[in-house]
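# Summary of structural features
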Amino acid sequence: MAATVWTDRGRRAVTAVGTVTRSKSSSSHTAFKSQYDALVIGGGHNGLVAAAYLQKGGVKTAVLERRHLLGGAAVSEELFPGFRFSRCSYLLSLLRPHIYADLELKKHGLKVYMRDPHAFTPMLEEGVKGAPPRSLTLGSDLVMNQKEIGKFSQKDAKAFPGFVEHLDKLAAAIHPLLDAPPVDIPGVTAGSLRTRLAAAKTLMPIVKCGLKLGGNIPDLYEIITAPIMKILNRWFESEPLRATLATDAVIGAMTSPHNPGSGYVLLHHVMGELEKEKGAWGYVEGGMGGVSQAIASAARSYGVDIFTEKDVGQVLVGPDGAAGGVVLKDGTEIHSKVVLSNATPYVTFKNLMPQGALSPEFIKAIDQIDYTSPVTKINVAVDKLPNFLASPTPDDKPGPHHQCSIHLNCESVDVLETAYKEAMNGRPSARPMLEMTIPSALDPTLAPPGCHVVSLFTQFTPYHIEGREWTDQDREAFADTAFDWVEQYAPGFKKSVVGRDILTPPDLERIFGLTGGNIFHGSMSLDQLYLARPLPSLSNYRSPIKGLYLCGSGGHPGGGVMGSPGWNAALTVMADLKRR
């Protein structure tokens, strides 16, 4: 199980039992109706988005969440008294603007603290003539970025604006593909003329993408297929800049910056938008559960019934081979015309289907989906703000760098490569890549006065340690390793810790239903994107079982693009119901 530790210092500081506190159930008191048009398995953000749009479209919908709180991976939990954490997902950016507007999420309580600057990479080095070690800070101010990069290379400082413009152009061209289902290949290539004409509409997003790209189509092809280092080496020469940018190419992915396809992951992370600001990332007030609660509030306002602590045991499949509802693990049957699963494809088809409902060939294909994850998430309660040697804050007041993604052990790409290779050989990295965030630097609702919540998104750790399962001793040892590295950048950090929650890949799988611990519901590799996400036969959200659909991040456009899989699945379901 996950190691959640409340230290003796913590017990003295706050007189309360040091265990994970249970949030009040967000289940409505509404009883199950005898029949729904649609049931959504899983109250993660994509499931809630799908439910909201279905209900807005006149489809009577209910959401069934296994846990005691909504949000899937986007949840807020009080792990230690007075400390609220975004326990799994921890930053907001790729929430699609039209979903934000359509569901009026601001009206429903969503508040976001924008981060600027957004990236801080301190160096492990001796300062020259008593000066602090160098660091690299990046934000929205291009002139300031060039000044920061110039500490390491004037050539890179001059090249940086062109690089940003290049990525922005490619990312903007991809946006139409995020907000629509993939091309309906069967519809376009088979059936009646009427069917083909209707399916031809699904070509429009890819046509728009091509028109936006114009002569840049080869550039897009290169960045989605190449190792990111091929791109970065062409643009830049300084290691701190290349390593900082490379982290976005491997974040959440068991891959190396030198592996083909890592370029797409970087592009995926620059496609974000918040408050009309391109590439921006922010902290949700109260933690990431705030965005899930806002979506749920919108869904309820349209009439969606939402239930927590309702663990689905199986999808009901009738004699006609069509989905007709679900049966809970307590034996309760709930009937519906269609079922949408916000679970991973693996959980949906391996754990929730009656035996014999799916062909052996299909199950074999499901088994081949890659869910490898490198991530161990460590949530840390501290009684003092980390004080970095590279940017000292002796007054204990947050500086601009405290609101950033703080990249530790990212001085060079070789460090990232070594960490990756250790995990591929079955061992947790001895010098892990650490992405630290301190949301309480901007959001005072997360921790007691003078205290802070710290998130450590760490890589690389394997699912099994040299073929065996993780033990609590392994978890503690890896967390100690991570803390030892943080201590080198910010002396006094270890002393400030009053509690920590360690989530290895198996823990992320068990608690949040993330198969393999993969935060994207399946690797964002080229063989699992767009028309092949999660499989070529499933790219339109429909399953081999009539009336059963995928609406989670396992479908296009994948993990991180908050709401798009749910929105696209809802469109598909409503189109099918209209044709019935």
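Since we're looking at a predicted model, the values are computed, not measured.

Across its full length, the protein chain carries 20 helices and 21 strands. For 580 residues, the compact-globule estimate of 2.2 N^0.38 gives 25 Å, and the protein chain sits close to it at 23 Å. By principal-axis analysis of the C-alpha atoms, the protein chain measures approximately 80 × 60 × 50 Å. Residues classed as buried in the protein chain amount to 59% of the 580 residues present. Here the contacts in the protein chain between residues at least 6 apart in sequence split such that 73% fall between residues at least 24 apart. Of the roughly 22,900 Å² of accessible surface on the protein chain, a fraction of 55% belongs to carbon and sulfur atoms. Side-chain charges in the protein chain split into 58 positive and 57 negative, and the spacing between the mean points of these groups amounts to 5 Å.

Okay, the packing of aromatic side chains next. Following the criterion strictly, the structure yields 14 aromatic pairs and no others. Summarising the aromatic geometry, the rings of Tyr 53 and Trp 567 are spaced 4.9 Å apart at their centres and angled 65° between planes, so their arrangement reads as edge-to-face. Taken together, the residues span a long stretch of sequence, with Tyr 53 in helix 2 (residues 45-56) and Trp 567 in helix 20 (residues 564-579) at a distance of 514 residues. The two residues Tyr 53 and Trp 567 agree in class, both being buried. Between Tyr 90 and Phe 457, the ring centres sit 5.1 Å apart and the planes meet at 35°, which makes this aromatic pair tilted. Of this pair, Tyr 90 sits in the loop between strand 5 (83-86) and helix 3 (97-102) while Phe 457 is found in strand 19 (residues 452-459), placing the two residues 367 residues apart along the sequence. Note on accessibility: Tyr 90 and Phe 457 belong to one class, buried. What links up through ring pairs into an aromatic cluster is the set Phe 160, Phe 163, Trp 235 and Phe 236. A cation over an aromatic ring shows up here: Arg 500 above the ring of Phe 483, its NZ or CZ 5.0 Å from the ring centre.

Once that is clear, we can look at the pairing of strand 4 (residues 76-80). Successive side chains on a regular strand alternate, one facing one side of the sheet and the next facing the other. Within strand 4, 4 of the 5 residues are buried, which leaves it mostly tucked inside the rest of the structure. Across 4 bridges, strand 4 lies against strand 5 in antiparallel orientation. When the sheet's bridge partners are listed, Ser 76 is paired in strand 5 with Ser 86. Connecting the antiparallel pair strand 4 and strand 5 is a turn made up of 2 residues, with Gly 82 showing a positive phi of about 90°.

Let us look at the layout of surface pockets. Here the second largest pocket defines a volume of roughly 940 Å³. Contributing to the lining of the second largest pocket are 29 residues, with Asp 184, Ala 199, Thr 202, Arg 542 and Arg 579 lying nearest its centre. Residue assignment for the lining of the second largest pocket shows that the elements contributing at least two residues are helix 6 (185-189), helix 7 (193-200) and helix 20. Partitioned by chemical class, the residues of the lining of the second largest pocket number 16 nonpolar, 7 polar and 6 charged.

This next bit is on the side chain of Ser 341. Mapped onto the secondary structure, Ser 341 falls in strand 15 (residues 333-341). Once residues lying within four places of it in the same chain are set aside, the contact partners of Ser 341 are Ile 41, Thr 348, Tyr 549, Leu 550, Cys 551 and Gly 552.

What follows covers empty space enclosed by the protein. Rolled over the atoms, a probe sized like a water molecule indicates the empty space that remains. This structure, assessed with the given rule, holds 2 cavities of 30 Å³ or more. Taken as a whole, the largest cavity encloses approximately 70 Å³ of empty space. As for the largest cavity, its lining consists of Arg 84, Phe 85, Ser 86, Tyr 90, Asn 379, Thr 437, Pro 439, Leu 446, Val 453, Val 454 and Ser 455. When contributions to the lining of the largest cavity are tallied by element, the ones reaching two or more residues are strand 5 and strand 19. Taken together, the residues that form the lining of the largest cavity break down as 6 nonpolar, 4 polar and 1 charged. For the second largest cavity, the calculated volume is near 30 Å³. As for the second largest cavity, its lining consists of Ser 86, Tyr 90, Tyr 283, Val 284, Gly 287, Met 288, Pro 439 and Leu 446.

Parameters at a glance
- Once a new chain begins, its residue numbering starts again from 1 and follows that chain's sequence as written.
- Note on the predicted model: pLDDT of at least 70 is required for a residue's local features to be given, and 80 or more for side-chain atom pairs to be given and counted; whole-chain, interface and lining totals, by contrast, use all residues.
- Values shown for side chains rest on all heavy atoms present in the structure; no hydrogens or waters enter the calculation.
- Secondary structure elements are taken from DSSP: a helix is a run of H or I of four residues or more, a strand is a run of E of two residues or more, and numbering for both begins at the N terminus.
- Throughout, the radius of gyration refers to the C-alpha atoms, and the reference size of a globule is 2.2 Å times the residue count to the power 0.38.
- Three labels apply to residues, based on accessible area from a 1.4 Å probe with only protein chains included: buried if under 20% of the type maximum, exposed if over 50%, partly exposed otherwise in between.
- Residue contacts follow a heavy-atom distance rule, with two residues in contact if any of their heavy atoms lie within 4.5 Å.
- A 1.4 Å probe and the Shrake-Rupley method give the accessible areas. Residues count as covered only by the protein chains that appear here.
- Charged residues are defined here as Lys and Arg on the positive side and Asp and Glu on the negative side; His and the ends of the chain fall outside this count.
- Charged groups are reduced to one reference atom each: NZ for lysine, CZ for arginine, CG for aspartic acid, CD for glutamic acid.
- Working definition: a ring pair exists when centres of Phe, Tyr or Trp rings (six-membered ring for Trp) sit within 6.5 Å. Plane angles under 30 degrees give stacked, over 60 give edge-to-face, the rest tilted.
- Distance and angle both matter: a charge sits over a ring if NZ of Lys or CZ of Arg is within 6 Å of the ring centre and within 35 degrees of the ring normal.
- Pairing between two strands is assigned when DSSP locates at least 2 bridges connecting them.
- Computed over the protein atoms alone on a 1 Å grid, cavities are sets of points where a 1.4 Å probe fits but cannot get out and pockets are open sets with protein on both sides within 12 Å along at least five of seven lines; a residue lines them when it has an atom within 4 Å of a point.
- Grid points are joined across faces, edges and corners, and a volume is the space filled by probe spheres set on the points.
- Residues are sorted three ways: Asp, Glu, Lys and Arg are charged, Ala, Val, Leu, Ile, Met, Phe, Trp, Tyr, Cys and Pro are nonpolar, and all the rest, Gly among them, are polar.

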